[in-house]
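Geometric and topological summary
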Amino acid sequence: MTQGTVTTFAVSGVDPMPVEVQADVGQGLPSFSVVGLGDAAVMEARDRVRSAMRASGYDFPNARIVVNLAPATQRKHGTGFDLPIALAILVATSQIPRAALSGAAAVGELALDGRVLPVAGTLAHAVGAVRIGSVLVGPAACRDSVACVDGLAFHGADTLAQFKHGLPDVAGGRGATASAHAPSADIAAVVGQQSAKRVLELSAAGELNVLFVGPPGAGKTMLARRLPPILPPLEPEQALETAVIHSVAGLDERAVLGGVRPFRAPHHTATTAGLVGGGTPPRPGEASLAHNGVLFLDELAEFGPAALQALRQPLEDGAVRLVRAEGRVTYPARFTLVAAMNPCPCGHLGDAARGTCHCSETAVSRYHARVGGPLLDRIDLTLRVDRVDPDALLDAPVGESSAVVRARVASARAFAAADDRPVVRLLSGAALLAACLLTPSARRAVSASARTYHLSGRGVTRLLRVARTVADLQGAERVEESHVQEAALYRAASL
Amino acid sequence: MMPIPVGGWEVRVHASGYPACLRESPRPPRELRGFGDRTLLRPGLAIVGSRRATPYGESCARVFAAAAGERGVVIISGAAVGCDMAAHTAALAVGGMTVAVLGCGADVDYPASAARLLARMRTDGAVVSELPWGTRPMPYHFPERNRIIAGLAAVVLVVEAGLPSGTFSTADHALDAGRTVLAVPGSVFSANSRGCNRLIQQGAHPVADVSDLLGELQAAGLVPAGFPSSERGFATDAGGGGALSRLEAALAADPMRPDDAARLLCLDIVSVARMLMSLEAQGTITRYPDGRYGPFVRP
């Protein structure tokens, strides 16, 4: 028999789709063709495979070679097909034992000297291999990451030559161990800013979205960076979900696998594709890279309007669905949005320390309109932050450490879970009302604030969500008047 | 030359319908164009203030305009965003008479956010300008417009002004025309009240409550003498030394942010948040656009 097959995966979004790499080494004029809708990187695999095989001491057959990537109607991208193609040809020409590769999937890029190099998305291949019940053969450099995938047998290879006598040994990865939280981002280092710290705590407890409005130098970015450390560490399955996205995007996924929540802070020049994903081939955007973590948008009003509006879908559904000519792709994107903006174009409106702002009334309202109502409607906590008074800075007591706040957040989440409720951000409508169990005085407070502050329906929903989170932090079954009163402090600015 | 729009009128300086008080002022406009009731162009109370008003300034404009308006005093202002609009709106709300003097053609809606107010005033009050019909607003029109406001008014009340402020030009024109200038004092810490406090220091009469204003209006002959003026003052002393009243007193003296209030009163932010909300519900305190909380009178 002069045919060989090896399984691999084509990653669509973050989903591994099984692909059979079939090699036929037959008679005819010597040639080497790859069919099955591969992109330029897949076509170039021919030259890498030929050189790598020769350098590793194999014979490259002087025959007519056809490699098919089935299903042949699906587009395939990237250099991860190098190793499977080489292995399929080696099986077809009986240079390595056929039995060794039955029930095995392979992924990896080949260097011309035969080394097996890591590729983006290896973690997605690992998930796919477990799903179809096969072992995975791949670059040895990836062994630490894939060790976090439960039930995977991984054979790491450094070079193509290691396959001469079957699969390389199962490599025991160390798993990913990253120090969970960098000490520099401890919330204890924030002096003053009591209300901002309280907002961060509420956001962490209920996964609520936050907007900080304040002049430059008020510490908005510094505050936002304090949010991931007070969030509970990622659960193993959340960590894997997020790590697969990072892997597909070609980023280092080891910190995420260690339980560190992602913190993504794209610059305000980010394009729509950069923010929510897109391009050819489609790649996950910052919103997906922040999955299960924090997406921080500094200078919110400077972002392109199209990019900002594209965030509405993931904020609502927790996923980005891209529809492109070559098909539909879904990336998970459930993140907590922390946004920061100046109060006006010059940044100094209401900033006592830096004198007066000369922005006209219309310039200020135009600046705020750039963000757009629909996006602001999805922000639960809005807070004005200002520079801390120097005197306050000097005599402020040392605040609580992140660990203390994180413990409170965890117990609030546990309280909600014991009540059989999902995290607060997922509540709306009747479910939210049922979860709130408003006391009669709280009900009066809600309708009074709706009237006083001219709240819309969405505004009332946000008020209730925040009030429910306040009650969770206090361990209260029912939402009481005082919870509603506090929630009203964080309502949207009336500009 | 644009034709006179439907409902509009024009009056020349020597014609009989021209307001006498304006004709006697320095540099009277050669021609007035406008809409609405021409009999309203008689000595009244001008209420002016910063366009970037705090709720404090707007509250003052509202309270004083309503008090004078319901006693039959014509309220004159410039229809600008902030104090001006608050004064016109409050005068209309109590069924009073009110005149807007514009820095553009009397048929032009500027600022755009005042369009509805101006539409109402063209029928229920008066909207006037010295500029030809259809003239667009230009920055140099407004100091000249202030001269007409001062000329029409017998008394000019400045409710809130920073330093420097365009409101000062109205006060200057009013002094040139020999009108009474009043000013509402504000916190010495508030940049938005610095102009008013300076006017008082230079000799403007301070107006601390409605009866002060009514006294001045009587002196100017706008309100009959002996008019009952048992008007409330503003200092609402809740009494008691509770944290709530201490917070209210602190914010009334100097608007501040929740964090600063918490520090000043040695309270935690959560209880300050709850107290602010109940003060807001009472309607004595409100959140300013810059995030501070300060005094306020609900419209």
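Being a predicted model, the structure only gives us computed values, none of them experimental.

Quick look at the overall build of chain B
Within chain B, the secondary structure is distributed over eleven helices and eleven strands. In terms of C-alpha radius of gyration, chain B reaches 20 Å, essentially the compact-globule figure of 19 Å for 299 residues. When its C-alpha atoms are laid out on the principal axes, chain B stretches across 65 × 40 × 35 Å. Long-range contacts, defined here as pairs at least 24 residues apart, represent 68% of the contacts in chain B between residues at least 6 apart. As presented, chain B carries roughly 12400 Å² of accessible surface, and 56% of it is formed by carbon and sulfur atoms. Treating the 28 positive side-chain charges of chain B as one cloud and the 27 negative ones as another, the clouds have centres 4 Å apart.

Some details on the sheet that holds strand β3 (residues 44–49) of chain B
Residue and element names in this part refer to chain B. Taken together, nine strands build an open sheet; the order of strands is β1-β2-β6-β5-β4-β3-β7-β8-β9 and the sheet is mixed. With one partner strand each, in any of the chains shown, β1 (8–12) and β9 (205–206) form the two edges of the open sheet. One ladder, built from three bridges, connects strand β5 (residues 98–101) with strand β6 (residues 126–129); its direction is parallel. Within β6, the residue paired with Val101 across the bridge is Val128.

Observations concerning the sheet that holds strand β18 (residues 381–384) of chain A
Residue and element names in this part refer to chain A. With respect to topology, five strands assemble into an open sheet ordered β11-β14-β17-β10-β18, the strand pairing being parallel. The open sheet is flanked by β11 (263–264) and β18, the only strands paired with a single partner. Judged from the four bridges that link them, strand β10 (residues 210–213) and strand β17 (residues 336–341) form a sheet pairing that is parallel. When the bridges of β17 are listed, Val213 appears paired with Met341. Against the sheet, helix α7 (residues 194–206) touches β10, β17 and β18, its axis set at about 165 degrees to β18.

Let's talk about the packing of aromatic side chains
Residue and element names in this part refer to chain A. Applying the stated rule across the entire model yields four aromatic pairs over all chains. Seen from their ring centres, Phe32 and Phe60 are 5.6 Å apart, and the 50 degrees between their planes marks the pair as tilted. Residue Phe32 is located in strand β3 (residues 31–35), and its partner Phe60 is located in the loop between α2 (45–55) and β4 (64–70); the two are separated by 28 residues in the primary sequence. Comparing Phe32 with Phe60 shows no difference in burial state: the two are buried. Residue placement shows Lys164 over the ring face of Tyr58; its charged tip is 5.3 Å from the ring centre. Seen from the ring of Tyr453, Arg491 lies directly overhead, with NZ or CZ sitting 3.6 Å from the centre.

Digging into the interface of chain B and chain A
The figure often quoted for interface size is the accessible area lost as the parts come together. Of the residues lining the interface, 24 residues belong to chain B; the matching set on chain A comes to 32 residues. Approximately 2200 Å² of surface area, both sides summed, lies buried where chain B meets chain A, with 51% of it carried by carbon and sulfur atoms. Interface area lost by chain B to chain A is led by Arg52, Arg274 and Met277 of chain B, which between them contribute 29%. Taken together, the connections running from chain B to chain A amount to three salt bridges. Of the charged contacts in the structure, one is a salt bridge between Glu486 of chain A and Arg274 of chain B, with a shortest N-O distance of 3.6 Å. At the junction of chain B and chain A, the tally comes to eleven residue pairs in polar contact (both at pLDDT 80 or more).

With respect to helix α6 (residues 167–176) of chain B
Residues and elements named next belong to chain B. For α6, the buried fraction is high: seven of the ten residues fall into the buried class. Those residues of α6 not exposed but buried are Thr167, Phe168, Ser169, Thr170, Ala171, His173 and Ala174. Buried residues along α6 sit against β3, α5 (141–152), β7 (153–160), β8 (180–183) and α7 (194–201). Backbone geometry just after α6 places Gly178 at a positive phi near 75 degrees.

Points about the pattern of salt bridges
Counted according to the given criterion, the structure contains 33 salt bridges over all chains. Among the ionic pairs, Asp386 of chain A bridges to Arg384 of chain A, the shortest N-O distance being 2.9 Å. For Arg384 of chain A, a relative accessible area of 16% corresponds to the buried category. Between Asp124 of chain B and Arg120 of chain B there is a salt bridge, and its shortest N-O distance comes to 3.3 Å. Here Asp124 of chain B and its partner Arg120 of chain B are both found in helix α4 (residues 115–124), four residues apart, which amounts to about one turn of the helix. One salt-bridge network, held together by shared partners, links Asp419, Arg421, Arg468 and Asp472 of chain A.

About the criteria used
- Residues numbered from 1 in each chain as written.
- Chains lettered and ligands numbered in written order.
- Predicted model: local features only at pLDDT ≥ 70, side-chain atom pairs only at ≥ 80, totals over all residues.
- Heavy atoms only, no water.
- Helix = DSSP H or I, 4+ residues; strand = E, 2+ residues; numbered from the N terminus.
- Rg over C-alpha atoms; globule rule 2.2 N^0.38 Å.
- Contact = heavy atoms within 4.5 Å.
- Areas by Shrake-Rupley, 256 points an atom, 1.4 Å probe, with all protein chains shown as cover.
- Lys, Arg positive; Asp, Glu negative; His and termini not counted.
- Charge placed at Lys NZ, Arg CZ, Asp CG, Glu CD.
- Pairing = 2+ DSSP bridges.
- Axes fitted to C-alpha atoms, helices over the stretch in contact; angles between N-to-C directions.
- Phe/Tyr/Trp six-rings, centres within 6.5 Å; stacked < 30°, edge-to-face > 60°.
- Buried < 20%, exposed > 50% of the residue type's maximum accessible area, 1.4 Å probe, protein only.
- Lys NZ or Arg CZ within 6 Å of the ring centre and 35° of its normal.
- Buried area = accessible area lost by both parts, 1.4 Å probe.
- Salt bridge = Lys/Arg side-chain N within 4 Å of Asp/Glu carboxyl O.
- Polar contact = N/O pair within 3.5 Å; in protein donor to acceptor, adjacent residues only side chain to side chain.

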